[in-house]
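The primary structure of each chain is shown beneath.
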Amino acid sequence: MIWLPVLGLVVGVALGLVTNVTVPVAFSSYLSIAILAALDTVLGGIRASLEKSFDGAVFLTGFFTNTLVAALLAYIGNQLGVDLYLAAVVAFGVRLFNNIAAIRRGVFLLLRQRKLNRENAASRAQS
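Given the structure is predicted, the values throughout are model-derived calculations rather than measurements. (Residues numbered from 1 in each chain as written. Predicted model: local features only at pLDDT ≥ 70, side-chain atom pairs only at ≥ 80, totals over all residues. Heavy atoms only, no water.)

Brief notes about the packing of aromatic side chains
Turning to step 1, where the next piece is worked out: Within the structure shown, the criterion is met by five aromatic pairs.
Turning to step 2, where the next piece is worked out: Judged by centre distance (5.7 Å) and plane angle (45°), the rings of Phe54 and Phe59 are tilted. Neither residue differs from the other here; Phe54 and Phe59 are each classed as buried.
Turning to step 3, where the next piece is worked out: Site record: aromatic cluster; members linked through ring pairs are Phe54, Phe59, Phe63 and Phe64. (Phe/Tyr/Trp six-rings, centres within 6.5 Å; stacked < 30°, edge-to-face > 60°. Buried < 20%, exposed > 50% of the residue type's maximum accessible area, 1.4 Å probe, protein only.)

Structure (structure tokens):
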């Protein structure tokens with residue numbers, strides 16, 4: 001099921017490049033934190049897929065919930081005059097790097113296992 005988050009990311013990037021939508025400066029902090037939350041969810045979906053624990057319903061609800069809560073947090077902080085979005089930036093930043101590290105390890109282990117399987121199959125074929 002790794003294709004679902006990757007497909008969503010590719011479609012989103014393609015739509016962003018094709019359409020000429022400008023975001024008012026007043027909304028840029030909300031959009032940036034929402035994008036950070038969405039990217040965190042996509043990378044979490046890829047990680048879950050590599051760990052064979054991906055659930056489409058959890059992914060979709062997490063995507064929209066994280067994005068909306070992060071934007072709402074930025075909005076409330078803006079209304080209060082406090083930079084609450086920084087808390088979300090730190091939290092999502094840590095999660096992003098943890099997910100990227102887990103994805104890297106997962107891909108590395110997967111490639112290593114495939115190489116070992118090929119070597120074992122080749123040695124059995126020679127025997």
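What about the environment of Gly81?
Turning to step 1, where the next piece is worked out: Within the secondary structure, Gly81 is located in the loop between α3 (56–80) and α4 (85–126).
Turning to step 2, where the next piece is worked out: Expressed as a C-alpha distance, the spacing of Gly81 and Ser32, which sit 49 residues apart in the sequence, is 18 Å. (Helix = DSSP H or I, 4+ residues; strand = E, 2+ residues; numbered from the N terminus.)

Details of a nonpolar patch on the surface
Turning to step 1, where the next piece is worked out: A surface patch of nonpolar side chains, amounting to about 490 Å² of accessible area, comprises Leu9, Val13, Leu17, Val18 and Leu39.
Turning to step 2, where the next piece is worked out: Sorting elements by how many residues they give to the nonpolar patch places helix α1 (residues 3–18) first, with four residues.
Turning to step 3, where the next piece is worked out: Checked against the element boundaries, Val13 lands in helix α1. (Patch = residues over 30% accessible without salt bridge, like charges linked within 9 Å, V, L, I, M, F, W, Y side chains within 5 Å. Areas by Shrake-Rupley, 256 points an atom, 1.4 Å probe, with all protein chains shown as cover. Salt bridge = Lys/Arg side-chain N within 4 Å of Asp/Glu carboxyl O.)

Description of the packing of helix α2 (residues 28–50) against α4
Turning to step 1, where the next piece is worked out: Between α2 and α4, the least distance of the axes is 9 Å, while the angle of their chain directions is 25°. The orientation of α2 with respect to α4, classified from their angle, is roughly parallel. For the element pair α2 and α4, the recorded crossing hand is left-handed. Only Tyr85, Ala88, Val89, Phe92, Arg95, Leu96, Asn98, Asn99, Ile100, Ala102, Ile103 and Val107 of α4 make contact with α2, whose side of the interface consists of Ile33, Leu36, Ala37, Leu39, Asp40, Leu43, Gly44, Ile46, Arg47 and Leu50.
Turning to step 2, where the next piece is worked out: Tallied by class, the residues present in the contact of α2 with α4 amount to 16 nonpolar, three polar and three charged. (Axes fitted to C-alpha atoms, helices over the stretch in contact; angles between N-to-C directions. Parallel < 35°, antiparallel > 145°, perpendicular 65-115°, else oblique. Left-handed = near helix turned anticlockwise from the far one by under 90°. Contact = heavy atoms within 4.5 Å. Nonpolar A, V, L, I, M, F, W, Y, C, P; charged D, E, K, R; others polar.)

Describing the pattern of salt bridges
Turning to step 1, where the next piece is worked out: If you walk through the whole model with that rule in mind, you get two salt bridges.
Turning to step 2, where the next piece is worked out: In this structure, Arg95 engages Asp40 in a salt bridge whose closest nitrogen and oxygen atoms are separated by 2.7 Å. One end of the pair, Arg95, is in helix α4; the other, Asp40, is in helix α2, and 55 residues separate them in sequence.
Turning to step 3, where the next piece is worked out: Exposure remark for Arg95: the relative accessible area of 42% places this residue in the partly exposed category.
Turning to step 4, where the next piece is worked out: The class for Asp40 is buried, based on a relative accessible area of 1%.
Turning to step 5, where the next piece is worked out: In this structure, Glu51 and Arg47 form a salt bridge, with 3.1 Å as the shortest nitrogen-oxygen distance.

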